Amino acid sequence: MRTKIFTSRQLKEVAQLIKKGELVAFPTETVYGLGANALEPKAVKKIFRAKGRPSDNPLIVHIAKKEQLYEIAFVKPEAIKIIRKFWPGPLTIILKSKKIIPKEVTGGLDTIAARMPKNKIALKLIELAGVPIAAPSANISGKPSGTSFKHVLDDFNGKIAGIIKSKRCEIGLESTVIDLTTKTPILLRPGGFNFEELKAALPNLILIPNKRTKRTKSPGMKYKHYSPNAKIILFEKCAINKMESYRIKYEKLNKKVRTINPKKTKKFAKELFNMFRQYDKEKADVILISSMDENGIGLAIMNRIRKAALKIVT
Ligand code: TXA
Ligand code: MG
């Protein structure tokens, strides 16, 4: 398949592809999405095939207007309260799903993940398509999410109908996912909005316990994620002094080593997945990463690093 490259001035053509049941990668403020008509099971199945994604890992449905939420989900007061403040933006909410959404999107669950992105191109595309767009992050399953046009081209050239060429995604990490179907709202995945700012609006919001339980609430949480080819070794704070000896050990073994010292800044968050992909291009064997405090944006950054890590030194 030839993958057509579009600019943001060709969104009508791109919307046409979505209407025809094709896959198109589009920018959002968080990461690039790999979109298909959320109401068309055949189109949605193509997403899973292109990514190599397990079919029980459900997709986020993207909408262009808050009112559209009523078409796809049963809306509760907490949802209204929180989307008033945080939509459009990097927040995904889980609600009970309406029948219009096929099981291919929800992985067979009776709930749906919904998000109204802030990116103008994404909003315009959804509006022109006239249907909600199901879209996971645009990356081969298990790999770092695509945060630039180049990343998406590397992963999907020849495999999807089109890619919208745009600038780097501003946030660089995925949206925050909140489950509103439970009595107490639960933050399932930290992301673009910090826990602290969301809790200010939803005071009983809790963080999901960190343990990898067998029956996970968010199906995606049980899979390996965000991993470059290089082996990531994370050093907990108490073990940071061991980093140097690891570096020496690997270099003696003729391994190419890279080191990352994360910072709690927006700039660092934006750069994280790009660094992973860059080090793969440089054929690094090992990436050594030091841990940092998990508050503010640090919670989302450390969440991605923990999931990408093959080994944690304590
Ligand atoms: O920023 C983002 O959220 C990006 C952009 C493209 O919008 N999308 C994204 O999608 O990160 P994805 O598929 O890579 O991650 C979606 C996460 C997965 O962990 C999935 O398991 C979870 O949301 N999820 C989807 N539907 C769910 C549901 N009904 N209940 C619980 N978790 C759900
Ligand atoms: Mg993803």
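Throughout, residues of each chain are indexed from 1 in the direction in which the sequence is written. In the order they appear in the text, chains get letters beginning with A and ligands get numbers beginning with 1. Confidence filtering applies because this is a predicted model: local features only for residues at pLDDT of at least 70, side-chain atom pairs given and counted only at 80 or more, and all residues used for totals across whole chains, interfaces and linings. Water and hydrogen atoms play no part in the side-chain values, which are based on all heavy atoms of the structure.

Draft legend 1. Structural context of the overall build of the protein. If you tally the helices and strands in the protein, you get 11 helices and 16 strands. Its C-alpha atoms give the protein a radius of gyration of 19 Å, within 12% of the compact-globule value 20 Å for 314 residues. By principal-axis analysis of the C-alpha atoms, the protein measures approximately 55 × 50 × 30 Å. Residue exposure (1.4 Å probe, protein chains only): buried if accessible area is under 20% of the type maximum, exposed if over 50%, otherwise partly exposed. Counting across all 314 residues of the protein, residues that qualify as buried make up 55%. Each helix is a run of DSSP H or I of at least 4 residues and each strand a run of E of at least 2, with the numbering of both proceeding from the N terminus. Atoms considered for the radius of gyration are the C-alpha atoms alone. The globule rule reads 2.2 Å times the number of residues to the power 0.38.

Draft legend 2. View of the confidence of the model for the protein. Taken as a whole, the protein shows an average pLDDT of 95; of its residues, 96% reach a score of 70 or greater. Think of pLDDT as the predictor's per-residue confidence, scored from 0 to 100. Taken element by element, the protein is modelled with least confidence in strand β16 (residues 311-313), mean pLDDT 93, and with most confidence in strand β4 (residues 60-62), mean pLDDT 99.

Draft legend 3. Highlighting the pairing of strand β7 (residues 111-115). Counting buried positions over the 5 residues of β7 gives 5, a clear majority of the element. Here β7 shows two buried faces, one formed by Thr-111, Ala-113 and Arg-115 and the other by Ile-112 and Ala-114. Strands were regarded as paired on the criterion that DSSP finds at least two bridges between them. Where strand β6 (residues 91-97) lies against β7, 4 bridges are found, and the strand directions are antiparallel. When the bridges of β7 are listed, Leu-95 appears paired with Ile-112.

Draft legend 4. Quick look at the site of ligand 1. Throughout, near means a residue has at least one heavy atom within 4 Å of the molecule or strand. Of all residues adjacent to ligand 1, which total 27 residues, the nearest are Thr-30, Arg-53, Asn-57, His-62 and Ser-175. Polar contact criterion, stated in full: a pair of N or O atoms within 3.5 Å, where within protein one must be able to donate a hydrogen and the other to accept it, and residues adjacent in sequence count only if both atoms are side-chain atoms. Thr-30 is positioned such that a nitrogen or oxygen atom in its side chain is 2.6 Å from an oxygen atom of ligand 1. Note that an oxygen atom of ligand 1 is positioned 2.5 Å from one of the side-chain N or O atoms of Ser-175. Listed by contribution, the elements that provide at least two residues to the shell around ligand 1 are β4, β7 and β11 (186-189). When residues in the shell around ligand 1 are grouped by element, the largest group, 4 residues, is from β7. Broken down by class, the residue content of the shell around ligand 1 amounts to 13 nonpolar, 9 polar and 5 charged. In the scheme used here, Gly and all other residues not listed as nonpolar or charged are polar, with Ala, Val, Leu, Ile, Met, Phe, Trp, Tyr, Cys and Pro taken as nonpolar and Asp, Glu, Lys and Arg as charged.

Draft legend 5. Structural context of the pattern of salt bridges. Here, a salt bridge means any Lys or Arg side-chain nitrogen found within 4 Å of an Asp or Glu carboxyl oxygen. Counted by the stated rule, this structure contains 16 salt bridges. Measuring nitrogen to oxygen at the nearest pair gives 2.9 Å for the salt bridge that ties Glu-271 to Arg-168. Pair noted here: Glu-271 is in helix α10 (residues 266-281) and Arg-168 is in the loop between β9 (162-164) and β10 (176-179), with a separation of 103 residues, a long-range link. Judged by relative accessible area, Glu-271 falls into the partly exposed class, the value being 28%.

Draft legend 6. Examining the packing of aromatic side chains more closely. Between 30 and 60 degrees the pair is tilted, below 30 it is stacked and above 60 it is edge-to-face, where a pair is any two Phe, Tyr or Trp rings, Trp via its six-membered ring, whose centres lie within 6.5 Å. Counted by the stated rule, this structure contains 4 aromatic pairs. Ring centres 5.0 Å apart and planes at 85° place the aromatic pair Phe-235 and Tyr-246 in the edge-to-face group. One end of the pair, Phe-235, is in strand β13 (residues 231-235); the other, Tyr-246, is in helix α9 (residues 243-252), with 11 residues separating them in the sequence. A relative accessible area of 15% places Tyr-246 in the buried class. A connected cluster of aromatic rings, assembled from ring pairs, spans Tyr-226, Phe-273 and Phe-276. Definition used: whenever NZ (Lys) or CZ (Arg) falls within 6 Å of the ring centre and also within 35 degrees of the ring normal, the charge is taken to sit over that ring. Cation over ring: Lys-249 sits above Tyr-250, and NZ or CZ is 4.9 Å from the ring centre. The ring of Tyr-279 carries Arg-258 above its face, with NZ or CZ at 5.8 Å from the centroid.

Draft legend 7. Spatial organisation of α10. How far a helix is expected to stretch is found by multiplying one less than its residue total by 1.5 Å. Between its terminal C-alpha atoms α10 stretches 24 Å, which fits the 22 Å expected from 16 residues at 1.5 Å a residue. Along its length, α10 shows its largest kink, about 40°, at Leu-272. Looking at α10, one finds that the buried residues are Phe-268, Ala-269, Leu-272, Phe-273, Asn-274, Met-275, Phe-276, Arg-277, Tyr-279 and Asp-280. Against the buried residues of α10 lie α7 (149-156), β13, β14 (257-260), β15 (286-290) and α11 (298-308). One or two residues past the end of α10 sits Lys-283, with phi positive at roughly 60°. A residue's bend is given by the angle between axes fitted to the 7 residues ending at it and the 7 residues starting at it. In this description, contact between two residues means that some pair of their heavy atoms is separated by no more than 4.5 Å.

Draft legend 8. Looking closely at the nonpolar core. We define the nonpolar core as a collection of buried residues of types Ala, Val, Leu, Ile, Met, Phe, Trp, Tyr and Cys that are connected through side-chain atoms lying within 4.5 Å of one another. Formed by 68 residues in total, the largest nonpolar core has its most connected members in Leu-69, Ile-82 and Ile-93. The dominant element in this core, judged by the number of residues it contributes, is helix α6 (residues 120-129), at 6 residues. Excluding anything up to four places from it in sequence, Ile-93 contacts Leu-69, Ala-79, Ile-82, Ile-83, Trp-87, Ile-112, Ala-113, Ala-114, Ile-178 and Leu-180. In this structure, Phe-273, Met-292, Ala-300 and Met-302 belong to the second largest nonpolar core, which totals 24 residues.

Draft legend 9. Molecular detail of the sheet that holds β15. A sheet is described by the order of its strands in space; here 4 strands give the open sequence β14-β15-β13-β16, paired in parallel fashion. In the strand order of this sheet, the two ends are held by β14 and β16, each with one partner. Direction aside, the axes of adjacent strands within the sheet are offset by 20° on average. By the bridge criterion, 5 bridges tie β13 to β15 in an arrangement that is parallel. Considered in β15, the bridge of Phe-235 is made with Ser-290. Only the stretch in contact is used when a helix axis is fitted, and all axes are lines through C-alpha atoms; the angle between N-to-C directions ranges over 0 to 180 degrees.

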